[in-house]
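Results of the structural survey
Okay, here's what each chain looks like letter by letter:
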Amino acid sequence: MSEIGILVLHGPNLNLLGMREPGIYGSTTLAKINDSLKLNAEKLQVSVDCRQSNHEGVLVDAIHSARGLHSGILINAGAYTHTSLAIRDALTGVRIPTVEVHLSNIYTREEFRHHSYIAPVAIGQISGFGADSYYLGLQALVNYLKAKN
Ligand code: DQA
């Protein structure tokens, strides 16, 4: 069986996790989330490639570069969730199964966070479980890919 590789993409300001609005986003740093994702991935017998960028075009390029390399994408696009047609178009362009995650529950927050450009092109969305949203999202994505193979 060929190994399932997941591209994990973190969008803008997520490099500040740990110190950024901890009441909303928790105190876990991005490095710790990535380490835990790697441990979870080992248990699931898949690999993860974790990247973060504050730049929309870099995230678009990363999605393009997943073609032929990764079988799934786990994405927290941060504020670009609510604004970026370019990220949505990149995801539909590469047609790689994607799960969207958010640390906070975007539906209990300001109205401008209630709309996601990514949700309609994702398999599903997990929002509101802090760092666990990433681990739950990884599990759901891997289950989906294993069922599909
Ligand atoms: C976020 C929610 C977004 O609305 C916000 O802009 C973020 C983080 C989350 O993980 O809860 O940067 O994606």
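Read on for an overview of the structure. The structure presented is a predicted model; accordingly, all values stated were derived computationally and were not measured.

Rules behind the numbers
Residues numbered from 1 in each chain as written. Predicted model: local features only at pLDDT ≥ 70, side-chain atom pairs only at ≥ 80, totals over all residues. Heavy atoms only, no water. Buried < 20%, exposed > 50% of the residue type's maximum accessible area, 1.4 Å probe, protein only. Helix = DSSP H or I, 4+ residues; strand = E, 2+ residues; numbered from the N terminus. Pairing = 2+ DSSP bridges. Contact = heavy atoms within 4.5 Å. Near = heavy atom within 4 Å. Polar contact = N/O pair within 3.5 Å; in protein donor to acceptor, adjacent residues only side chain to side chain. Areas by Shrake-Rupley, 256 points an atom, 1.4 Å probe, with all protein chains shown as cover. Nonpolar A, V, L, I, M, F, W, Y, C, P; charged D, E, K, R; others polar. Core = buried A, V, L, I, M, F, W, Y, C linked by side-chain atoms within 4.5 Å.

Let's talk about the pairing of strand β3 (residues 72–76)
With five of its five residues buried, β3 lies for the most part within the structure. Residue alternation in β3 divides its side chains into two sets, Gly 72, Leu 74 and Asn 76 and Ile 73 and Ile 75, and both sets are buried. Here strand β1 (residues 4–10) pairs with β3 via five bridges, running parallel. In the sheet register, Val 8 faces β3, and the bridge partner there is Leu 74.

Focus: the environment of His 70
Summarising the element assignment, His 70 is placed in the loop between α3 (56–65) and β3. Taking C-alpha positions, His 70 is 25 Å from Phe 129, a pair spaced 59 residues apart along the chain. Non-local contacts of His 70, meaning those with residues more than four positions away in its chain, are made with Gly 5, Ile 6, Leu 7, Asp 49, Arg 51 and Ile 96.

Re the site of the ligand
In the vicinity of the ligand, the contacting residues are Arg 20, Tyr 25, Asn 76, Gly 78, Ala 79, His 82, His 102, Leu 103, Ser 104, Ile 106 and Arg 113. In the model, an oxygen atom of the ligand is placed 3.0 Å from a nitrogen or oxygen of the Arg 20 side chain. Note that an oxygen atom of the ligand is positioned 3.2 Å from one of the backbone N or O atoms of Ala 79. Within the complex, the protein chains bury 99% of what would otherwise be the 330 Å² of accessible surface of the ligand. Its residues assigned to classes, the shell around the ligand comprises four nonpolar, five polar and two charged.

Some thoughts on unusual backbone geometry
Of all residues except glycine, most have a negative phi; of all peptide bonds, most are trans. Here the phi dihedral of Glu 21 falls at roughly 35°; this positive angle occurs in a residue that is not glycine. Its location among the elements puts Glu 21 in the loop between β1 and α1 (22–25). Unlike most non-glycine residues, Arg 95 shows phi in positive territory, near 55°. By secondary structure assignment, the location of Arg 95 is in the loop between α4 (85–94) and β4 (98–102).

Thoughts on the environment of Ser 27
Topologically, Ser 27 is positioned in the loop between α1 and α2 (30–44). Taking the C-alpha atoms as reference points, Ser 27 and Ala 131, separated by 104 residues in sequence, lie 9.4 Å from one another.

Thoughts on the nonpolar core
Of all hydrophobic cores here, the largest spans 26 residues; its most connected members are Ile 6, Ile 33, Leu 37, Leu 74, Tyr 134 and Leu 138. Breaking this core down by element, the ones donating at least two residues are β1, α2, β2 (46–52), β4 and α5 (132–148). With six residues, the single largest contributor to this core is α5. Contacts of Leu 37, omitting those with residues within four sequence positions, involve Val 8, Val 48, Cys 50, Leu 74, Tyr 134, Tyr 135 and Leu 138. One finds Leu 7, Ala 77, Leu 91 and Val 94 within the second-largest nonpolar core, a separate group that totals 18 residues.

So yeah, pure geometry; function would need other evidence.
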